[in-house]
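Chain and residue survey
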Amino acid sequence: MSENNPFGISIAPSKLRSKAKDTSANNVARADAAAEKHGFVDRAPKKKRGRKPSPRTGQVHAKVMPEVAQDIAAEAKYRGVQQGVVIEEAWELYKKDKGL
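Residues numbered from 1 in each chain as written. Predicted model: local features only at pLDDT ≥ 70, side-chain atom pairs only at ≥ 80, totals over all residues. Heavy atoms only, no water.

A few words on the overall build of the protein. Across its full length, the protein carries three helices and zero strands. For the protein, the succession of helices and strands along the chain, N to C, is α-α-α. Since a compact globule built from 100 residues should have a radius of gyration of about 13 Å, the 32 Å found for the protein marks it as more spread out than a globular shape. C-alpha atoms of the protein, sized along the principal axes, occupy 90 × 35 × 30 Å. Taking all 100 residues of the protein together, 4% fall into the buried category. When the accessible area of the protein is evaluated, it comes to approximately 10,400 Å², of which 56% is carbon and sulfur surface. Across the protein, the centroid of the 20 positively charged side chains sits 9 Å from that of the 12 negatively charged ones. (Helix = DSSP H or I, 4+ residues; strand = E, 2+ residues; numbered from the N terminus. Rg over C-alpha atoms; globule rule 2.2 N^0.38 Å. Buried < 20%, exposed > 50% of the residue type's maximum accessible area, 1.4 Å probe, protein only. Areas by Shrake-Rupley, 256 points an atom, 1.4 Å probe, with all protein chains shown as cover. Lys, Arg positive; Asp, Glu negative; His and termini not counted. Charge placed at Lys NZ, Arg CZ, Asp CG, Glu CD.)

Set out below in structure tokens:
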């Protein structure tokens, strides 16, 4: 095939071979140094971007009576905190009362 077409690729198994790359730490460091010398720089972000995760990751989906939901929402709005903070404080008071 490649004899007839000079731009063709022969796919005979004996002519195509693959070699594994040397991925040793020394070889990778040398390749990185050579790349930097020629102006190639690592463009990967150095640290994770965006918002830091909140420590409050546990979610409680409690269904309560509408008047209780309104009371919790009103208290949270009055104090300028999230409703979860009100629930956390109520839970702490419950545990203190039970001696837990």
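Inspection of every chain in the model, using the stated rule, returns three salt bridges. Between R79 and E75 there is a salt bridge whose closest N-O contact spans 3.7 Å. Highlighted residues: R79 and E75, both in helix 2 (residues 66-79), separated by four residues, approximately one helical turn. For R79, a relative accessible area of 36% corresponds to the partly exposed category. A relative accessible area of 32% places E75 in the partly exposed class. E89 is the salt-bridge partner of R79, the closest N and O atoms lying 2.5 Å from each other. Of this pair, R79 sits in helix 2 while E89 sits in helix 3 (residues 83-98), and the two are ten residues apart along the sequence. (Salt bridge = Lys/Arg side-chain N within 4 Å of Asp/Glu carboxyl O.)

We now examine the confidence of the model for the protein. The predicted model of the protein has a mean per-residue pLDDT of 85, with 93% of residues at 70 or higher. Taken element by element, the predicted model of the protein shows its lowest mean pLDDT in helix 1 (residues 25-37) (90) and its highest in helix 2 (94). (pLDDT = per-residue confidence, 0-100.)

Turning to the environment of V41, a few remarks are in order. Here V41 lies in the loop between helix 1 and helix 2. The exposure class assigned to V41 is exposed, which follows from its relative accessible area of 62%.

Bringing helix 1 into the picture now. The end-to-end C-alpha distance of helix 1, which contains 13 residues, comes to 18 Å, matching closely the 18 Å that a straight helix rising 1.5 Å per residue would cover. Positioned one or two residues after helix 1, G39 has a phi angle of 95°, which is positive. (Expected span 1.5 Å × (residues − 1).)

Another aspect to go through is the packing of helix 2 against helix 3. The geometry of helix 2 relative to helix 3 is characterised by a closest axis approach of 8 Å and an angle of 105° between their N-to-C directions. Looking at the two axes, helix 2 sits roughly perpendicular to helix 3. Here I72, A73, E75, A76 and R79 of helix 2 come into contact with helix 3, specifically with Q83, V86 and E89. For the contact of helix 2 with helix 3, the per-class residue count stands at four nonpolar, one polar and three charged. (Axes fitted to C-alpha atoms, helices over the stretch in contact; angles between N-to-C directions. Parallel < 35°, antiparallel > 145°, perpendicular 65-115°, else oblique. Contact = heavy atoms within 4.5 Å. Nonpolar A, V, L, I, M, F, W, Y, C, P; charged D, E, K, R; others polar.)

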